[in-house]
Amino acid sequence: MTVDVGSPSIQKIERASGLIQDLLGHAETAIGAVTAGFEDLARQANGVLEPVASIIAYVEDENFRIILSNVEALALAAKGFIRERLDATGGMLETVTTEAKLLDRLSELTRGQRSIARETQTLSVLTNIEVARLGELGAGFQYLAHELDEFSKAVVQGTKELASHTDERKASVNETRRMLGAGLPRIRQEFSRIEGDLGRVLAELSASNDQLRCAPEQFRAGVEEIAGQIAGVVAAIQSHDITRQQLEHVQEGLDLIAGKLTEADEADGEATDETALVSAGLAIQSYQLRSIDETVGQWVDQIGICLDGILRISSAEMGRIGPLVLEQERNLSSNLACIEALEQECQGENEEVQNTFAGLSNLMQLVSEHVEKSRYVRDRLQLLTFNSIVEANHLGSKADAILEISQSIKRISLSWSEMTDRSAQAMAEILQLVEGAKEKMQAFSAGGNAELLAAQEKTHQGLENLRSTATCVAREAARAEETTIHLQTEIAVASKARDELRSSFSAIGSAQGAIEEVRGQMEQESPNAIKRADRREVEALFSKSYTTEREREVLQAAVAGRPLPCVQQNLTGNSVELF
Amino acid sequence: MKQILTVDDSASIRQMVSFTLTKAGYQVTEAIDGKDGLAKAGTKKVDLIITDLNMPNMDGIQMITAVRKLPGYGFTPILMLTTESQAEKKDAGRKAGATGWIVKPFNADQLIAVVQKLVK
């Protein structure tokens, strides 16, 4: 040996080897803890997945999926129902406005008819006087006086009834108009709010429905991701074994170098030039340790990333599914209650509209009867006119007064006829109004609610299923949550073990430092010693112990003085080669 | 339940093989080296053996050679799970009677798939 590196160097190399030995012991303990922690963690992750899988089965159940669409259908039906009622209520206001105008016309008609009744009464009195004056000749006109008297009484009675009802109705219509007129803007506003609320309910339902629809897919993706993370940890833990072997190989290399140095010490004074070989050997071991250090960094990091991944997916992502389903149930229940409350509010407006319609129907009935009576009076007046004129003409000049009375009856008959036509016209208009109102009333009828009622029925049945599902989901979610708490404890234990594992490998740096120190001293005392080494001899000496491809790559780089090749560790695991 | 024997001087490797295959529904027995593996295979018939190559006391090749001589093990699948990837080592394994070769680390899914195929 040309350079005196003897005992101190051997001691340093032995120290490096000793550091590696200690490291291996600590790392073995630490990897044991990591492995145990990982197995517990994987079990706990499975413990989270099981209840979540049950929840997903509930979510995917037909009964559960139907309820969502049922509530959506109910909200839509309620929205349509409320819109129709709003339109109908607006229409009813128009109806009562038109009715008020008609009632004015009817009042005018009844006033005209009352005036005719008074005239008829007068004519009846005049006829009686004339009958008395004519004596026997006037006996034939007594029936005319009687008929006029009867008609007058009947007309007075008829118009009185109609006038009374018209007045009552006018008062009622005015009240309805006032109420609807004042209330409609409020009702409209209220209905708009209800419509808006239903829109919000529908949007909420749709959003949570979308979320739930994604849950099974999310779960399956989560399960796959957890499996991937577990496979990652399995591969990373196996990498420890590779690292262990590589460190043992470095130890073997160091033992070989220490042996060479011991031989040199023993052959003290003899000319041996092993400096180059020893220096190259030290460089190789230093390279190997750097490579191991980098590799360790990668697989220990992978353990950490995968453990965190398992926790994240199991607790955060999987754990979200249970509460999501429960929230959906609460959401559905409260939205359903909201829909029902909104329907109730709509029913409040119902009474007023129903009364309006009933009043209109009564009015039509009364006007119809009045028109019938008027027609009868008109026909009788026409007949009286005709008969009295014929009789008066027959008596000649003696019956001039009667003829005059007959002409008056004719005039009254014409007026009456005109009023009857106007009454009939008013009745036709009322009829039209009633028909229109009937159509509007469809919105308030039981038939109009049929769709809504059917939707309600379906939803209530479904809601029972949903509630029982929610009970099961709550139980499973509680189970998942409980396991998640254990999982968090396990991850803390596993993370601590991983940190200890990483720190146990920090001795690699010290071992490498000791090697570099010896090599540096040799380089100082014998510059370019490594360059003098026979490459083939170095490779032959040190490659025996290197069994992995990585070690051989590192050896080549160290011997050639190239930088350390990049670490391309396979952390997904290798496949099986069957012979 | 199918019986698998995993032979490795590394406890963590044995645990990972055991963890992976137990989850897949197999019963796994562990042995700490070739000698232990041979003894366990002799005591109880297993359906498949997964063994390391470099182990103290008895290495994987020696163990396979010995196991093949045990009654009932002529056609039992034996997979080698090792860090070694050299062709000559693989050849030695094949000649000793190995069925397949896996360079560590193994891929869990693929290991399960191969085991399922071999012990069907």
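This one's a predicted model, so the numbers in the text were calculated from it and none came from an experiment.

Undergrad: Outline the overall build of chain A, listing residues and values.
TA: Helix and strand counts for chain A stand at 12 helices and 1 strand. When the elements of chain A are put in sequence order from the N terminus, they spell out α-α-α-α-α-α-α-α-α-α-α-α-β. Within the span of chain A, comprising 579 residues, buried residues form 51% of the whole. Taken as a whole, chain A presents about 26,600 Å² of accessible surface, with 51% of it coming from carbon and sulfur.

Undergrad: Describe empty space enclosed by the protein, with residues and values.
TA: Residue and element names in this part refer to chain A. Following the criterion strictly, the structure yields 1 cavity of 30 Å³ or more and no others. There is about 30 Å³ of room inside the largest cavity. The wall of the largest cavity is formed by Ile-116, Ala-117, Thr-120, Phe-151, Val-155, Val-377, Leu-381, Ile-412 and Trp-416. When contributions to the lining of the largest cavity are tallied by element, the ones reaching two or more residues are α2 (62–134), α3 (142–266), α6 (350–395) and α7 (400–441). A breakdown of the residues in the lining of the largest cavity according to their chemical character gives 8 nonpolar, 1 polar and no charged.

Undergrad: Summarise the sheet that holds strand β4 (residues 78–82) of chain B; cite the residues concerned and give the values.
TA: The 6 strands are arranged β1(A)-β5(B)-β4(B)-β3(B)-β1(B)-β2(B) in an open sheet whose pairing can be described as mixed. The open sheet is flanked by β1 (576–578) of chain A together with β2 (27–31) of chain B, the only strands paired with a single partner. The mean angle between the axes of side-by-side strands here comes to 20°, regardless of whether they run parallel or antiparallel. Here 3 bridges tie strand β3 (residues 48–51) of chain B to β4(B), and the two strands are oriented parallel to one another. Considered in β4(B), the bridge of B:Ile49 is made with B:Ile78. Set on the sheet, helix α1 (residues 11–23) of chain B makes contact with β1 (3–7), β2, β3 and β4 of chain B; between it and β2(B) the angle comes to about 170°. Across the face of the sheet, helix α2 (residues 34–43) of chain B comes into contact with β1, β2 and β3 of chain B while running at roughly 135° to β2(B).

Undergrad: Can you tell me about the packing of α2(B) against helix α3 (residues 60–68) of chain B, naming the residues and giving the values?
TA: Packed helices, taken two at a time, are described by the angle between their axes plus the distance between the axes. All names here are of chain B. The N-to-C vectors of α2 and α3 enclose an angle of 20°; their axes lie 9 Å apart at closest approach. By the angle between their axes, α2 is roughly parallel relative to α3. Regarding α2 and α3, the two cross each other, and that crossing is right-handed. Facing Gly-34, Gly-37, Leu-38 and Ala-41 of α2, the residues of α3 in contact are Met-63, Ala-66 and Val-67. In terms of residue class, the contact of α2 with α3 is built from 5 nonpolar, 2 polar and no charged.

Undergrad: So what's going on with the pairing of β1(B)? Which residues, and what values?
TA: Residues and elements named next belong to chain B. Of all 5 residues in β1, 5 are buried, a share of seventy percent or more. Summarising the sheet, β1 and β2 pair through 5 bridges and their orientation is parallel. When the bridges of β2 are listed, Thr-6 appears paired with Glu-30. Following the chain from β1 across α1 to the adjacent parallel β2, one finds a crossover that is right-handed. Summarising the sheet, β1 and β3 pair through 4 bridges and their orientation is parallel. Across the sheet, Thr-6 pairs through a bridge with Ile-50, a residue of β3.

Undergrad: Please set out the interface of chain A and chain B residue by residue, giving values where relevant.
TA: The interface of chain A with chain B comprises 30 residues on the first partner and 36 residues on the second. Inspection of the region where chain A meets chain B yields 3 salt bridges. Where chain A packs against chain B, one counts 10 residue pairs in polar contact (both at pLDDT 80 or more). Judged from the 3 bridges that link them, β1(A) and strand β5 (residues 100–103) of chain B form a sheet pairing that is antiparallel. Paired with A:Val576 across the two strands is B:Ile102, which belongs to β5(B).

Undergrad: Explain α2(B) to me, and be specific about the residues and the numbers.
TA: Residue and element names in this part refer to chain B. Of all the positions in α2, only Gly-34, Gly-37 and Ala-41 are classed as buried. Taken around the axis of α2, the buried residues stretch over an arc of 60°, which confines them to a single face. When the buried face of α2 is taken as reference, the exposed residues oriented beyond 90 degrees from it are Lys-35, Gly-42 and Thr-43. Looking at the buried positions of α2, the neighbouring elements they touch are β1, β2, β3 and α3. Between the side-chain oxygen of the N-cap and the backbone nitrogen of Lys-35 there are 3.1 Å, and the N-cap of α2 in question is Asp-33.

Undergrad: Requested: an account of the layout of surface pockets, with residues and values cited.
TA: Each pocket or cavity is described by its volume, and for the second largest pocket that value is around 270 Å³. Of all the elements in the fold, those that place two or more residues in the lining of the second largest pocket are α1 (6–60) and α3 of chain A together with α1 of chain B. Broken down by element, the residue count for the lining of the second largest pocket peaks at 5 residues, all from α1(A). Here the lining of the second largest pocket is built from residues that sort into 8 nonpolar, 2 polar and 2 charged.

Undergrad: Explain the packing of helix α11 (residues 535–542) of chain A against helix α12 (residues 549–560) of chain A to me, using residue names and the numbers behind them.
TA: Residue and element names in this part refer to chain A. Following both chains from N to C, one finds α11 and α12 inclined at 150°, their axes separated by 11 Å at the closest point. Comparing the axis directions of α11 and α12 gives the class roughly antiparallel. Both α11 and α12 take part in a crossing whose hand is right-handed. Note on element contacts: α12 touches α11 through Leu-555, Gln-556, Val-559 and Ala-560, opposite Arg-535, Val-538, Glu-539 and Phe-542. Counted by class, the contact of α11 with α12 contains 5 nonpolar, 1 polar and 2 charged residues.

Undergrad: Account for the environment of A:Glu327, with residues named and values stated.
TA: Residues and elements named next belong to chain A. Its place among the elements puts Glu-327 in helix α5 (residues 321–348). Using a relative accessible area of 44% as the deciding quantity, one classes Glu-327 as partly exposed. Sequence-wise, Glu-327 and Ser-208 are 119 residues apart; in three dimensions their C-alpha atoms are separated by 8.7 Å.

Undergrad: Would you mind going over unusual backbone geometry in detail, with residue names and values included?
TA: Residue and element names in this part refer to chain B. Pro-105 follows Lys-104 through a cis peptide bond whose omega is 0°. Tracing the backbone shows Pro-105 in the loop between β5 and α5 (108–118). For Asn-57, which is not glycine, the phi dihedral falls at a positive 70°. Position of Asn-57 relative to the elements: it lies in the loop between β3 and α3. Classification of Asn-57 as exposed rests on a relative accessible area of 64%.

Undergrad: Report on the pattern of salt bridges, specifying residues and quantitative values.
TA: A full pass over the atoms with the stated rule returns 27 salt bridges over all chains. Linking A:Glu418 and A:Arg422 is a salt bridge whose minimum nitrogen-to-oxygen distance equals 3.8 Å. One end of the pair is A:Glu418 and the other is A:Arg422, both in helix α7 and 4 residues apart, which spans about a single turn. The closest approach of N and O atoms between B:Lys95 and B:Asp91, which form a salt bridge, is 3.0 Å. Remark: B:Asp91 and B:Lys95 occur in helix α4 (residues 87–96); sequence separation between them is 4 residues, near one turn of the helix.

Undergrad: How would you explain helix α9 (residues 507–525) of chain A if you had to name every residue and give the values?
TA: All names here are of chain A. Its 19 residues give α9 an end-to-end C-alpha distance of 27 Å, which sits within 8% of 27 Å, the value for a rise of 1.5 Å per residue. Those residues of α9 lying buried are Ala-507, Ile-508, Ala-511, Gln-512, Ala-514, Ile-515, Val-518, Arg-519 and Met-522. Considered in projection along α9, the buried side chains sweep an arc of 155° and stay on one side of the axis.

What counts, and where the lines are drawn
- Each chain carries its own residue numbering, running from 1 in the written order of its sequence.
- Here chains are named by letter from A upward and ligands by number from 1 upward, in the order in which they appear as written.
- Local features in this predicted model are restricted to residues of pLDDT 70 or higher, and side-chain atom pairs are both shown and tallied only at a pLDDT of 80 or more, whereas totals for entire chains, interfaces and linings draw on every residue.
- As a convention, hydrogens and water are excluded, and side-chain values are obtained from all of the structure's heavy atoms.
- Helix and strand definitions here come from DSSP, where helices need a minimum of 4 consecutive H or I residues and strands a minimum of 2 consecutive E residues; each element is numbered from the N-terminal end.
- Exposure is judged per residue with a 1.4 Å probe applied to protein chains only, and the accessible area is read against the type maximum: over 50% gives exposed, under 20% gives buried, and values in between give partly exposed.
- Here, Shrake-Rupley sampling with a 1.4 Å probe gives the accessible areas, and only protein chains in the shown set may cover a residue.
- Both site types are read off a 1 Å grid over the protein atoms alone. A 1.4 Å probe that fits but cannot get out defines a cavity, while an open set with protein on both sides within 12 Å along at least five of seven lines defines a pocket; lining residues have an atom within 4 Å of a point.
- Grid points are joined across faces, edges and corners, and a volume is the space filled by probe spheres set on the points.
- Each residue receives one of three labels: charged for Asp, Glu, Lys and Arg, nonpolar for Ala, Val, Leu, Ile, Met, Phe, Trp, Tyr, Cys and Pro, and polar for the others, Gly being one of them.
- DSSP calls a pair of strands paired once it identifies at least 2 bridges connecting them.
- Axis lines are fitted to C-alpha atoms, over the contacting stretch for helices. Their N-to-C directions set the angle, which ranges from 0 to 180 degrees.
- Here a residue-residue contact requires only that any non-hydrogen atoms of the pair lie within 4.5 Å.
- We call two directions roughly parallel when the angle between them is under 35 degrees, roughly antiparallel when it is over 145, roughly perpendicular when it lies between 65 and 115, and oblique otherwise.
- For any pair of crossing helices, the crossing counts as left-handed if the nearer helix is rotated counterclockwise from the farther one by less than a right angle, and right-handed if it is rotated clockwise.
- Looking down the strands as they point away from the viewer, one classifies a crossover as right-handed if the path from the first strand across the helix to the second runs clockwise.
- Salt bridge, as applied in this entry: a Lys or Arg side-chain nitrogen positioned within 4 Å of an Asp or Glu carboxyl oxygen.
- Under this definition, polar contacts are N or O atom pairs within 3.5 Å; protein pairs additionally need one hydrogen-donor-capable and one acceptor-capable atom, and for neighbouring residues in sequence, both atoms have to be side-chain atoms.
- This arc describes the spread of directions from the helix axis toward the C-beta atoms.
- Expected helix span is given by 1.5 Å per residue-to-residue step, counting one fewer step than there are residues.

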